[in-house]
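These are the residues of each chain, in order.
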Amino acid sequence: MIELIDKTLTAEEIKNTSVEDLFSSLSTDDKGLRSQEAKSRLEKYGYNEIEEKKINPLRKLLGYFWGPIPFMIEIAAVISATISHWEDFWIIVSLLLINGAVAFFQEYKADNAINLLKQKLSIRSRALRDGKWIELSSQEIVPGDVIRIRLGDIIPADAKLFDGEYLSVDESALTGESLPVEKHVADVVYSGSIVQKGEMNALVVSTGMRTFFGKTAKLVEEARTKSHFQKALIKIGDYLIALAVGLVVLVFLVSMFRHESLLETLQFALVLMIASIPAALPAVLSVTMAVGATVLAKKQALVSKLTAIEEMAGVDIICADKTGTLTKNDLSVAELVTFDKFTDSDLLMFATLASKIEDADHIDNAILTRAKTSDVLEKSKSYKQLSFKPFDPVIKRVESKIKDPLGNEFMVSKGAPQSVLALVLNKDGISARVDESVGRLASKGYRSLGVARTNLQGIWEFVGIVSLHDPPREDSKDTIKTAKTMGIDIKMITGDHIDIAKEIARELNLGTNIQDASQIIDKTDEEIQSVVEQADGFAQVFPEHKYKIVGALQAKGHIVGMTGDGVNDAPALKKADVGIAVFGATDVAKSAAHIVLTQPGISVIIDAIKESRKIFQRMNNYAIYRISETIRVLFFLVLSIITFSFYPITPLMIVLLAILNDVPIMTIAYDNVKISSYPERWNMRKILGIATGLGLIGVASSFVLLYVGMNVFSLQTGPLQSLIYLKLSVSGHLLFFAARTRNHFWSVKPATRLFLAIVTTQSIATIITAQGILLPAIGWPMALFVWGFSFIEFFIIDYAKLPIYKILEHNGLDLHNIK
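These figures come from a predicted structure and were not determined experimentally.

1. A closer look at the packing of helix H13 (residues 344-353) against helix H14 (residues 362-372)
It is at 9 Å that the axes of H13 and H14 come closest, and there the two elements cross at 135°. Taken as axis vectors, H13 and H14 run oblique relative to one another. Between H13 and H14 the crossing geometry is left-handed. Here H13 contributes Leu-348, Ala-351 and Thr-352 to the contact with H14, which in turn contributes Ile-367, Leu-368, Arg-370 and Ala-371. Taken together, the residues that form the contact of H13 with H14 break down as five nonpolar, one polar and one charged.

Next comes the structure, spelled out in structure tokens:
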């Protein structure tokens, strides 16, 4: 006997081993594993997951001390030692270690947040344990488990099929073969492949690293995936570096002309570059995105692709599924409409026989719940379901082969009324009544389900229509109203009858310009775009229609969010700027989406957009501050050197300035911001405009203080440099308080964590300059004077930014998104 559990078999070996031998060798049966046995196997063979390449923590920590910015600090330290400035050397080395440790700690927390999201986004599977079907994480699947594989599932492990009609499986991600492969009993299915049609039971043979391909489908991108916004901020960093290089070259040329020490000039140039480069940018981006993703998770929206945080802030149109998003997805049977000789009991009986209790399908559950209220469910147990063809989104119906208590065999089918009607011989004679019944039920907001059966001669007969009621969610109406105040247009997308869509839209005050999906077929792109943009929603939609709707809206310049739950929704979810897999979505839809909802309803989506706008504004505020700060420091230092042949601060002071100012800025990820009333848009012109204005005011005020220190206080070089250092340090963080709001600084209260971090670092800067620790002492009276001067500059900047914004607005820039 082959001991499969202790051996990695090839696909051929698995295929050539009979199902009976597999069950026997795995000590299991078609009733599934016992819970205790499953637990012991999990302990012995580990979780069903692919081991990721682990990064050595020590190696990762050392990475924070190797790169352009740490390298320049290290060179500055070496030069300090070369010219025997040992005090500067040890201080710079200490600050380098502190900075690296802080960055490591912040990104460590960010990585933990992403790992938690990965766990929440793990694939779910249905397994037979203790004779009962249960849902559990795919990581808990073990060899010997009997699993249920359905349309839209990502297969969690290598398994052998043993019960069911067939599967159509997409193995393109694993083999490169674009066409789906049809699988039958005794065939092997592989971990990571996608079920496009059918449903079957299978016996798990290999899991985790033992699977044939050695990997499973990933639902989560890495934390370092760069969004458009991140790329834009990195371009800002590149611009600041280029600016710094140009000015440093200018300083070198002036130094050579004046015959100054090249080593000392090189040391100063290096630390000047350090002050100019946004050293905290990678950590700020990583921490802000990770913190944002964690907050969204608490709002029941899991971010599977971090780029969605940026895109979601700019969404101005959401194409929302009616069922489960705008409505409760809590189906119940309403009216029963029978045809010919059939009774209500007959209709309910045949609908029950065309259902599969273990699939936990919403429609099946509604029918079975209604059947329980009568004797229909009990009577149905005397019938045997010989075969079951699950719902096919192409033909829009299911089909079962049934054996009655007398041994007669017949077929039953349920699905879209027109699809079921197409089976019967007398369809022309009853189609008018079917259409009338569907229309009448739709006007009440009821969804219709056609049911048919074959007689003893094998001829299909239309039994009747089961109507299903799915009421609107209590919060949908208010949420739609809120969305409109945020500049978001909600368009309802449904596969239901147009009259159902109009009734639900009327109840939700959504607008009743609901179009049939046929309105976007066989038309020019311009005509389609016009229809889609003006419509309040679409009915009788197929997945390919969703793709066209998204494309048309994007062509008109909209940023589109699209919801979906099925395997055929994947193309539209991928094409949308933000694909949203709704609560209960298939694994395929989750893998294609950017956001995965773990709670039903549209309010979850709106909450996620609010949080995304907050995150966007935090990054926007950081960009304004970072550019302003670089202009303020860089231009002042370079102009002082060129104009007065005076170095206003020492290299050590620049290192202190860079590190003490950057460390607390990492807490911007937790800052308070106002939610924008409009979709956010990235606009480099407005950020550069306001940042340049604020930075130039800082340059002017620094020259005023330099003049006062030289001519009023008559300070010597050492104390004067300490005076200027303290001013640049204090006013730098006060500048951030001005840059973080569109209106006056008091309009938005800063987060306590951010405020305390800034107060702490500036207290340190004040103490070391006043007391003469590391730097020449200036005394407490002079330190207090610098604080007073910096506050005056801060108030001037805070008031000056309002007319700067007005000037930019007058020049045609839309600034309503900056708060």
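Still more ground to cover, so stick around.
2. Details of the sheet that holds strand S8 (residues 301-303)
Taken together, eight strands build an open sheet; the order of strands is S8-S21-S20-S19-S9-S16-S18-S17 and the sheet is mixed. Every interior strand has two partners, whereas the edge strands, S8 and strand S17 (514-516), have only one. Adjacent strand axes in the sheet meet at a mean angle of 20° when their direction is disregarded. The sheet contact formed by strand S20 (residues 578-581) and strand S21 (residues 595-597) spans two bridges and is parallel. For Ala-581, the partnering residue across the bridge sits in S21 and is Val-596.

3. Re the nonpolar core
Among the nonpolar cores identified, the biggest contains 61 residues, and Ile-624, Ile-649 and Tyr-725 are the most heavily contacted of them. Of all the secondary-structure elements, those providing two or more residues to this core are helix H8 (228-257), helix H24 (603-644), helix H25 (651-665), helix H26 (684-712), helix H27 (717-739), helix H28 (752-770) and helix H29 (779-810). If one sorts the elements of this core by residue count, H27 sits on top with 13 residues. Sequence-distant contacts of Tyr-725, that is, excluding residues within four places in its chain, are made with Ile-649, Met-653, Leu-656, Leu-657, Leu-660, Ala-765, Ile-768, Thr-769 and Leu-775. Within the second largest apolar cluster, 40 residues are counted, among which are Ala-483, Val-578, Leu-597 and Ile-615.

4. Describing helix H20 (residues 525-534)
Residues Ile-528, Gln-529, Val-531 and Val-532 constitute the buried set of H20. Down the axis, H20 shows its buried residues gathered within 165° of arc, on one side only. Pointing more than 90 degrees away from the buried face of H20 are the exposed residues Glu-526 and Gln-534. Tucked into the core, H20 has its buried residues touching strand S16 (489-493), S17, strand S18 (537-539) and helix H21 (543-555).

5. Some points on H13
Counted residue by residue, H13 has seven buried out of ten residues, so it is predominantly covered. Leu-347, Leu-348, Met-349, Phe-350, Ala-351, Thr-352 and Leu-353 are the residues of H13 that are buried.

6. What about the pairing of strand S13 (residues 409-415)?
Most of S13 is tucked away: five of the seven residues are buried. The hairpin turn running from strand S12 (residues 397-403) into S13, its antiparallel successor, is five residues long, and Gly-407 in that turn takes a positive phi close to 95°. By the bridge criterion, four bridges tie S13 to strand S14 (residues 446-454) in an arrangement that is antiparallel. By the bridge assignment for S14, Lys-414 is matched with Val-451.

7. So, the packing of H24 against H26
Remark: H24 packs on H26, axes separated minimally by 7 Å, with the N-to-C direction vectors making an angle of 40°. Relative to H26, H24 is oriented oblique. Considering how the two elements wind past one another, H24 and H26 form a crossing that is right-handed. Its residues assigned to classes, the contact of H24 with H26 shows 17 nonpolar, seven polar and one charged.

8. Some remarks on the confidence of the model for the chain
On average, residues of the chain carry a pLDDT of 79, and 78% of them reach 70 or more. Every residue in residues 1-6 is under pLDDT 50, and counting partners more than four places away or in other chains gives 20 contacts. Contacts for the low-pLDDT stretch residues 215-225, under 50 throughout, to residues beyond four places or in other chains number 34 contacts.

9. Overview of the sheet that holds strand S15 (residues 460-469)
One key point about sheets: their strands pair by backbone hydrogen bonds, in either a parallel or an antiparallel sense. One open sheet accounts for six strands, arranged S10-S15-S14-S13-S12-S11; its pairing is antiparallel. Where the open sheet ends on each side, the last strands, each with one partner, are strand S10 (332-338) and strand S11 (384-392). Between one strand axis and the next, the sheet turns by 20° as a mean value, whatever way the strands run. Together, S10, S11, S12, S13, S14 and S15 form the strand contacts of H13, whose direction differs from that of S15 by roughly 85°.

10. Description of the pattern of salt bridges
If charged atoms from side chains of opposite charge come close, those side chains can pair. Applying the stated rule across the entire model yields 24 salt bridges. With a closest N to O distance of 2.8 Å, Asp-671 and Arg-740 form a salt bridge. Note that Asp-671 is positioned in the loop between H25 and H26 and Arg-740 in the loop between H27 and H28, a separation of 69 residues in sequence. Just as Asp-671 is buried, Arg-740 falls in that class too. Of the charged contacts, one joins Glu-793 and Lys-727 as a salt bridge, the two residues approaching to 2.8 Å between their closest N and O atoms. Here the residue Glu-793 occupies a position in helix H29, and Lys-727 occupies one in helix H27, the gap between them amounting to 66 residues. Looking at Glu-793, the relative accessible area reads 3%, which means it is buried. For Lys-727, a relative accessible area of 1% gives the class buried. Residues participating in the shared-partner salt-bridge network are Glu-335, Glu-436, Arg-440 and Lys-444.

11. Quick notes on the side chain of Ser-702
Take Ser-702: it is sitting in helix H26. Dropping the residues within four chain positions of it, Ser-702 is found in contact with Phe-636, Ile-724, Lys-727 and Leu-728.

12. Focus: a nonpolar patch on the surface
Taken together, the side chains of Val-245, Val-249, Leu-253, Met-256 and Leu-262 make up a nonpolar region of the molecular surface, amounting to roughly 450 Å² of accessible area. Top contributing element to the nonpolar patch by residue count: H8, with four residues. Its location among the elements puts Val-249 in helix H8.

13. As for the packing of aromatic side chains
Counting across every chain of the model gives 18 aromatic pairs. For the ring pair Tyr-383 and Phe-410, a centre distance of 6.4 Å and an interplane angle of 90° mean the geometry is edge-to-face. Highlighted residues: Tyr-383 in the loop between helix H15 (376-380) and S11 and Phe-410 in strand S13, separated in sequence by 27 residues. Residue Tyr-383 is classed as partly exposed on the basis of its relative accessible area, which comes to 26%. Taking the centre distance of 5.3 Å and the plane angle of 85° together, the rings of Tyr-625 and Phe-736 count as edge-to-face. Residue Tyr-625 is located in helix H24, and its partner Phe-736 is located in helix H27; the two are separated by 111 residues in the primary sequence. Across the pair, Phe-736 and Tyr-625 agree in class, each one buried.

Rules of the game
- Residues numbered from 1 in each chain as written.
- Predicted model: local features only at pLDDT ≥ 70, side-chain atom pairs only at ≥ 80, totals over all residues.
- Heavy atoms only, no water.
- Axes fitted to C-alpha atoms, helices over the stretch in contact; angles between N-to-C directions.
- Helix = DSSP H or I, 4+ residues; strand = E, 2+ residues; numbered from the N terminus.
- Parallel < 35°, antiparallel > 145°, perpendicular 65-115°, else oblique.
- Left-handed = near helix turned anticlockwise from the far one by under 90°.
- Contact = heavy atoms within 4.5 Å.
- Nonpolar A, V, L, I, M, F, W, Y, C, P; charged D, E, K, R; others polar.
- Pairing = 2+ DSSP bridges.
- Core = buried A, V, L, I, M, F, W, Y, C linked by side-chain atoms within 4.5 Å.
- Buried < 20%, exposed > 50% of the residue type's maximum accessible area, 1.4 Å probe, protein only.
- Arc of directions from axis to C-beta.
- pLDDT = per-residue confidence, 0-100.
- Salt bridge = Lys/Arg side-chain N within 4 Å of Asp/Glu carboxyl O.
- Patch = residues over 30% accessible without salt bridge, like charges linked within 9 Å, V, L, I, M, F, W, Y side chains within 5 Å.
- Areas by Shrake-Rupley, 256 points an atom, 1.4 Å probe, with all protein chains shown as cover.
- Phe/Tyr/Trp six-rings, centres within 6.5 Å; stacked < 30°, edge-to-face > 60°.

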